[in-house]
Amino acid sequence: MEVYSDGYVCRLRVLRQKYGISLQELGRYAGINFRHLSEIELRKRKCSDHTYQIIADAFESILRDRADKTVEYLNDFINQRSRLLEPDKEE
């Protein structure tokens, strides 16, 4: 295993942190152990083309799922906006 000593990390890590995606979440979507992902990000482990594609697809899936939920949450909020201070039971 080749280890880099230049102090750089993969852009994947920068984007993952920017978008608030944990290693565990990305690992679940990709089916890859989060420790393995961490080593790839820290450039302590090489990444095959196949694994690269799996990670990229998983990252995109997370962002798409979040976008879908955001639309759903926004619509729900709009429907309840006028009743924000009414009593309600916690779910």
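In every chain, residue numbers begin from 1 and rise along the written sequence. Whole-chain, interface and lining totals are the exception, using all residues; otherwise, since this is a predicted model, local features are given only for residues with pLDDT of at least 70 and side-chain atom pairs are given and counted only at 80 or more. Hydrogen atoms and water are omitted, and side-chain values are computed over all heavy atoms in the structure.

## Side note on the nonpolar core
- The definition of a nonpolar core used throughout is a set of buried Ala, Val, Leu, Ile, Met, Phe, Trp, Tyr and Cys residues joined through side-chain atoms within 4.5 Å. Using a 1.4 Å probe on the protein chains alone, a residue whose accessible area is under 20% of its type maximum counts as buried, one over 50% counts as exposed, and one in between counts as partly exposed. Core analysis: the largest hydrophobic core is formed by 12 residues, namely Leu12, Ile21, Leu23, Leu26, Ala30, Ile32, Leu37, Ile40, Ile55, Ala58, Phe59 and Ile62.
- Helix numbers and strand numbers start at the N terminus; a helix is a DSSP run of H or I with at least 4 residues, a strand a run of E with at least 2. Looking at this core, the elements with two or more residues in it are helix H2 (23-30), helix H3 (34-41) and helix H4 (49-80).
- The contact rule is simple, with two residues in contact once any of their heavy atoms fall within 4.5 Å. Once residues within four sequence positions are removed from consideration, Leu26 is found in contact with Leu12, Arg16, Ile21, Leu37, Ile55, Ala58, Phe59 and Ile62.

## A word on the packing of H2 against H4
- With axes taken as lines fitted to C-alpha atoms, and helix axes fitted only over the stretch in contact, angles between N-to-C directions fall between 0 and 180 degrees. Between H2 and H4, the least distance of the axes is 8 Å, while the angle of their chain directions is 110°. Between H2 and H4, the crossing angle belongs to the class labelled roughly perpendicular. Packed against H2, whose contacting residues are Glu25, Leu26, Tyr29 and Ala30, the element H4 presents Ile54, Ile55, Ala58, Phe59, Ser61, Ile62, Asp65 and Arg66 at the interface.
- When its residues are assigned to classes, the contact of H2 with H4 shows 8 nonpolar, 1 polar and 3 charged. An angle below 35 degrees is treated as roughly parallel, one above 145 as roughly antiparallel, one from 65 to 115 as roughly perpendicular, and anything else as oblique. Here the nonpolar group is Ala, Val, Leu, Ile, Met, Phe, Trp, Tyr, Cys and Pro; Asp, Glu, Lys and Arg are the charged ones; every other residue, Gly included, is treated as polar.

## Overview of the side chain of Glu41
- Among the secondary structure elements, Glu41 is positioned in helix H3.
- Residue class for Glu41 comes out buried when judged on its relative accessible area of 0%.
- Polar contact is defined as a pair of N or O atoms within 3.5 Å, subject to the rule that within protein one atom must be able to donate a hydrogen and the other to accept it, and that residues adjacent in sequence are counted only when both atoms are side-chain atoms. A polar contact of 3.3 Å, which involves the side chain of Glu41, links it to the side chain of Arg13.
- Those residues in contact with Glu41 that sit more than four places away from it in its chain are Val9, Cys10, Leu12, Arg13, Arg16 and Leu23.

## Thoughts on unusual backbone geometry
- Positioned with a positive phi, Arg43 is a non-glycine residue whose angle comes to about 65°.
- Considering the arrangement of structural elements, one finds Arg43 in the loop between H3 and H4.

## Digging into a nonpolar patch on the surface
- Patches were defined on residues exceeding 30% relative accessible area and lacking a salt bridge, with like-charge contacts within 9 Å and nonpolar side-chain contacts (Val, Leu, Ile, Met, Phe, Trp, Tyr) within 5 Å. Values of accessible area rely on a 1.4 Å probe in the Shrake-Rupley scheme; residue burial ignores everything except the protein chains shown. Any carboxyl oxygen of Asp or Glu within 4 Å of a side-chain nitrogen of Lys or Arg constitutes a salt bridge here. There is a patch of nonpolar side chains on the surface, built from Leu74, Phe77, Ile78, Leu84 and Leu85 and spanning about 560 Å² of accessible area.
- Within the secondary structure, Ile78 sits in helix H4.

## Side note on the environment of Arg35
- When you line up the elements, Arg35 lands in helix H3.
- Separated by 11 residues in the primary sequence, Arg35 and Gln24 place their C-alpha atoms 8.8 Å from one another.

Note that every value here comes from positions in space, so none of it alone points to a role or purpose.
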